[in-house]
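The primary structure of each chain is shown beneath.
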Amino acid sequence: MIENNKDKYIKSDPYFFKIIKISSIIMIIFILIGAYFFDAPLEEKAEPYNAPNPSKSAWFLLWTQELASYGSYYIYLIILFFIIYMVMPFFIKKVPENAIWFHKSYKVINILTTIILFIIITLTIIAYFFRKEYWLLGF
Amino acid sequence: MFKEFIKHLFPRVTIKKNLKFTYTLCLGGLSFTAFLILIISGILLALYYTPEPNNAYNSIIFIEENVSGGKYIRNLHRFASNTFLVLIFLHILRVIYTGAFLSRKYNWVIGLFLLFFSIFTGYTGYLLPMDQLAFWATQTGAELIKILPFGDYIYNILIPDGVGGRLTLIRFYALHIIILPVSIIILSFIHFFRVRRDKGVLPYL
């Protein structure tokens, strides 16, 4: 099979290994340099009876905190969408065999994903930059 | 010998068009690279960190001020963890936008668990410095846990004596340095195996 498809296949060593090596080195250098310029935050020792106002969660959970501030039951929406996305592939049968960017057969999923992504980023920005004392909006 | 071992993990030949940069953007591999940096920097931090509520903060100060390169290693761990999470999010987006998750459904499920474990690892690591930021960010996150179905039950297992309590800190520490990373490593290898099995970028050849 391989002999009949010489143009289709390529030796992993060196071609594929070269890509792995280069991308890993670039990522390692990026992180090593980033760590030099960005200090890990460290505030005063924790005081359990001295809550900051507002109290914000970790950046990657901020959008869930913002969402929960509109109503705690919105958290169930996250669980619902997580489950929908998890089982989605088991219900969609007609798909291209190879991965293709923005193929029309999953256009609806792509649009839905973009909307969800936009909502997550917006909620994160609101919570990170515009939530002031008592979780009130401010500039 | 090590090089030969690594070589044997990969197929002898690869599909040429799959090596095009825009096909995967290397995001999965880059995430794993960031994860390896997290393991190495995490091990180094663990040599000095004290998972005890009264001493945890002081041990971080000690690492930053008295350990040679300690501050940089802590920065490295923090920056790598942020990069790791961003790369995983981007990898998930790539998999959705290219429709790859539709044809490799089992690996998609494993990938979502990897995302969940990665976020959970980030959350458990947040408490460890025991400064104001760590304490209250964890406290706020814990309030979110309570809203979940069976939230109180999960909260009591995870945080038996309140955020910053002795038992809670030990549990967060154990989850952060052993339970979750080992789970991520195991799932990652199943993930890589399925990439080949499902004839992804590394098909069985």
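Residues numbered from 1 in each chain as written. Chains lettered and ligands numbered in written order. Predicted model: local features only at pLDDT ≥ 70, side-chain atom pairs only at ≥ 80, totals over all residues.

Let's talk about the interface of chain B and chain A
Now for step 1: Tallying the contact residues gives 61 residues for chain B and 59 residues for chain A.
Now for step 2: Of all the secondary structure elements, the ones that give two or more residues to the side of chain B that touches chain A are strand 1 (13-15), helix 3 (27-46), helix 4 (56-66), helix 5 (70-97), helix 6 (100-103), helix 7 (105-127) and helix 8 (132-147) of chain B.
Now for step 3: Top contributing element to the side of chain B that touches chain A by residue count: helix 5 of chain B, with 12 residues.
Now for step 4: The residue makeup of the side of chain B that touches chain A, split by class, is 40 nonpolar, 14 polar and seven charged.
Now for step 5: Across three bridges, the pairing between strand 1 (residues 9-11) of chain A and strand 1 of chain B is antiparallel. Bridge assignment links Lys11 of chain A to a residue of strand 1 of chain B, and that residue is Val13 of chain B. (Contact = placed C-beta atoms within 7 Å. Helix = DSSP H or I, 4+ residues; strand = E, 2+ residues; numbered from the N terminus. Nonpolar A, V, L, I, M, F, W, Y, C, P; charged D, E, K, R; others polar. Pairing = 2+ DSSP bridges.)

Digging into the packing of helix 5 of chain B against helix 7 of chain B
Pairs of packed helices are described in terms of their axes, by the angle between the two and the distance that separates them.
Residue and element names in this part refer to chain B.
Now for step 1: Two numbers describe how helix 5 lies on helix 7: the axes approach to 11 Å, and their chain directions differ by 160°. It follows from the interaxial angle that helix 5 and helix 7 lie roughly antiparallel. When you trace helix 5 past helix 7, the crossing you get is left-handed. When helix 5 is examined against helix 7, the residues Ser81, Phe84, Leu85, Ile88, Ile92 and Val95 are found in contact with a partner set consisting of Trp108, Gly111, Leu115, Ser118, Gly122 and Gly125.
Now for step 2: Considered class by class, the residues forming the contact of helix 5 with helix 7 number seven nonpolar, five polar and no charged. (Axes fitted to C-alpha atoms, helices over the stretch in contact; angles between N-to-C directions. Parallel < 35°, antiparallel > 145°, perpendicular 65-115°, else oblique. Left-handed = near helix turned anticlockwise from the far one by under 90°.)

Remarks on the packing of helix 7 of chain B against helix 10 (residues 166-197) of chain B
All names here are of chain B.
Now for step 1: Where helix 7 meets helix 10, the axes come as close as 9 Å, and the angle between the chain directions of the two elements is 160°. By the angle class used here, helix 7 and helix 10 are roughly antiparallel. As for the relative orientation of helix 7 and helix 10, their crossing is left-handed in sense.
Now for step 2: By residue class, the composition of the contact of helix 7 with helix 10 is 16 nonpolar, 10 polar and one charged.

Considering the environment of Ile28 of chain A
Now for step 1: Turning to its location among the elements, Ile28 of chain A is positioned in helix 1 (residues 12-37).
Now for step 2: Considered as a pair, Ile28 of chain A and Trp101 of chain A are 73 residues apart in the sequence and their alpha carbons are 27 Å apart.
Now for step 3: Discounting residues that sit within four places of it in the chain, Ile28 of chain A has contacts with Thr33 and Ile37 of chain B.

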